[in-house]
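Descriptive structure summary
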Amino acid sequence: MTVIHSAEFAQEGRELKGSIPLSQLSRLSDLLADTSGEIAWHIESGVDDRTQRPWLYLEVKGDLQLICQRCLLGMPWSIHNETVLTQFATEEEIDEAEAIDEDLDGILIDPELDIEALVEDELLLALPVAPVHDECGGDDALAKLASKKPNPFAVLAQLKTRKAE
């Protein structure tokens, strides 16, 4: 687990890189068909010259196997997401700044910011709400499964044809 003091990290203009196995991202694992592989992350920092606010630049990259919501099979999905997180001392300051600039992503200064949790948060925010294949390869499997199952209305159809005779 990588932990930093977010404001001090930014004041020093530091940079870190790393990767996290997908199997360690517990909140994300329920949304994945396969937890093998890893997510690469890169974090840079600094202080805005104009506002003197500390900021963190976070980049996450990787390939995930999401669960298609149509066929419930694995669906490859690549992510390359970049975001700048401006740090504030209070929630009120975040609200004021976001009211002025809707594109601003604000976070509270955290003396024990867990980088892995931050990366997982970013992944969860970037995921599609209901991922689906353009064309499900599982449709054939679903059709075969449905064809093996007897139609519950087949008995009614037989009754109808007997009555007509």
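Conventions adopted
Residues numbered from 1 in each chain as written. Predicted model: local features only at pLDDT ≥ 70, side-chain atom pairs only at ≥ 80, totals over all residues. Heavy atoms only, no water. Pairing = 2+ DSSP bridges. Helix = DSSP H or I, 4+ residues; strand = E, 2+ residues; numbered from the N terminus. Patch = residues over 30% accessible without salt bridge, like charges linked within 9 Å, V, L, I, M, F, W, Y side chains within 5 Å. Areas by Shrake-Rupley, 256 points an atom, 1.4 Å probe, with all protein chains shown as cover. Salt bridge = Lys/Arg side-chain N within 4 Å of Asp/Glu carboxyl O. Core = buried A, V, L, I, M, F, W, Y, C linked by side-chain atoms within 4.5 Å. Buried < 20%, exposed > 50% of the residue type's maximum accessible area, 1.4 Å probe, protein only. Contact = heavy atoms within 4.5 Å.

1. Quick word on the pairing of strand β4 (residues 38-47)
Strand direction decides the pairing type here: strand β2 (residues 15-21) and β4, joined by seven bridges, are antiparallel. Its bridge partner being in β4, P21 is matched across the sheet by E38. In terms of strand pairing, β4 meets strand β5 (residues 54-67) through nine bridges, oriented antiparallel. By the bridge assignment, G46 is partnered in β5 with W55. Here β4 folds back onto β5, and the loop between the two strands holds six residues, one of which, Q52, carries a positive phi near 60 degrees.

2. Focus on a nonpolar patch on the surface
A contiguous nonpolar surface patch, about 430 Å² in accessible area, is contributed by F153, V155, L156 and L159. Relative to the elements of secondary structure, L156 occurs in helix α6 (residues 154-164).

3. With respect to the nonpolar core
Within the largest apolar cluster, 24 residues are counted, with the highest numbers of intra-cluster contacts made by I39, I43, V60, V119 and L123. Put simply, the parts of the chain that give this core at least two residues each are β4, β5, β6 (74-88) and α4 (115-126). In terms of residue count, the dominant contributor to this core is β5 (five residues). Ignoring any residue separated from it by four or fewer positions in sequence, one finds I43 in contact with F9, R14, E15, L16, L56, Y57, L58, I115 and L118.

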